[in-house]
Amino acid sequence: MADEPPEWSDVDTDAIEERVVELAEDGHSPSQIGLKLRDEGVQGTPIPDVKLATGKKVTEILEENDATGDLPEDLYNLFERAVRLREHMIENPGDHQNKRALQNTQSKIRRLVDYYRGDELDEDFKYTYDVAKEYLE
């Protein structure tokens, strides 16, 4: 495991942080930002690891610049999946395999909501299909 960025990736820390915030404002999630920096880079130079290059994680940079979303990325992705599965279940009520997948996804959401309640979410936050759909709009 590397503990310093490669010599060929010598982009200024401020330039990296500016690019991270710019990508977040364009609507990219933290994981998408990391992929874009790895593939496209900053000023034409790829950034293989943001934390090695800046000393901060992508999410830490976003928090410092008030560019974070309403929900943590993992919870947002589960909301998307649950809404998609629920809509599928409405169209295909006999699809028992996807009914089980929806139950498992909702279970994961409830566990994550318990984890984030108080910090990232309000104390009285409750997961429902309507709440998830509202967050995704």
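Refer to the structure presented above.
Everything numeric in this text was worked out from a predicted model, so none of it was measured.

Thresholds, definitions, all that
Residues numbered from 1 in each chain as written. Predicted model: local features only at pLDDT ≥ 70, side-chain atom pairs only at ≥ 80, totals over all residues. Heavy atoms only, no water. 1 Å grid on protein atoms, 1.4 Å probe; cavity = no way out; pocket = protein on both sides within 12 Å on 5 of 7 lines; lining within 4 Å. Points joined across faces, edges and corners; volume = space filled by probe spheres on them. Helix = DSSP H or I, 4+ residues; strand = E, 2+ residues; numbered from the N terminus. Nonpolar A, V, L, I, M, F, W, Y, C, P; charged D, E, K, R; others polar. Buried < 20%, exposed > 50% of the residue type's maximum accessible area, 1.4 Å probe, protein only. Polar contact = N/O pair within 3.5 Å; in protein donor to acceptor, adjacent residues only side chain to side chain. Salt bridge = Lys/Arg side-chain N within 4 Å of Asp/Glu carboxyl O. Patch = residues over 30% accessible without salt bridge, like charges linked within 9 Å, V, L, I, M, F, W, Y side chains within 5 Å. Areas by Shrake-Rupley, 256 points an atom, 1.4 Å probe, with all protein chains shown as cover. Lys, Arg positive; Asp, Glu negative; His and termini not counted. Charge placed at Lys NZ, Arg CZ, Asp CG, Glu CD.

With that settled, consider the layout of surface pockets. Size it by volume and the largest pocket reaches roughly 630 Å³. Along the wall of the largest pocket there are 24 residues; nearest its centre are P30, T68, G69, L71 and E73. Those elements that place two or more of their residues in the lining of the largest pocket are α2 (30–39), α4 (58–64) and α5 (73–91). The element contributing the most residues to the lining of the largest pocket is α5, with five residues. Taken together, the residues that form the lining of the largest pocket break down as nine nonpolar, eight polar and seven charged.

So, on to the side chain of S29. The topology assignment puts S29 in the loop between α1 (13–25) and α2. Classification of S29 as buried rests on a relative accessible area of 19%. Of note is the side chain of S29, whose polar atom sits 2.9 Å from the side chain of E73.

Summed over all chains, the structure comprises eight salt bridges. In this structure, K56 and E64 form a salt bridge, with 3.0 Å as the shortest nitrogen-oxygen distance. What makes E64 partly exposed here is its relative accessible area of 49%. K133 is the salt-bridge partner of E87, the closest N and O atoms lying 2.7 Å from each other. In this pair, E87 sits in helix α5 while K133 sits in helix α7 (residues 129–136), placing the two residues 46 residues apart along the sequence. Through salt bridges with shared partners, one network takes in R19, E22, K36 and E40.

On the surface, a cluster of positive charge is made up of R81, R84, K108, R110 and R111. Along the chain, the position of R111 falls in helix α6 (residues 96–116). Among the residues examined, R111 registers a relative accessible area of 54% and is labelled exposed.

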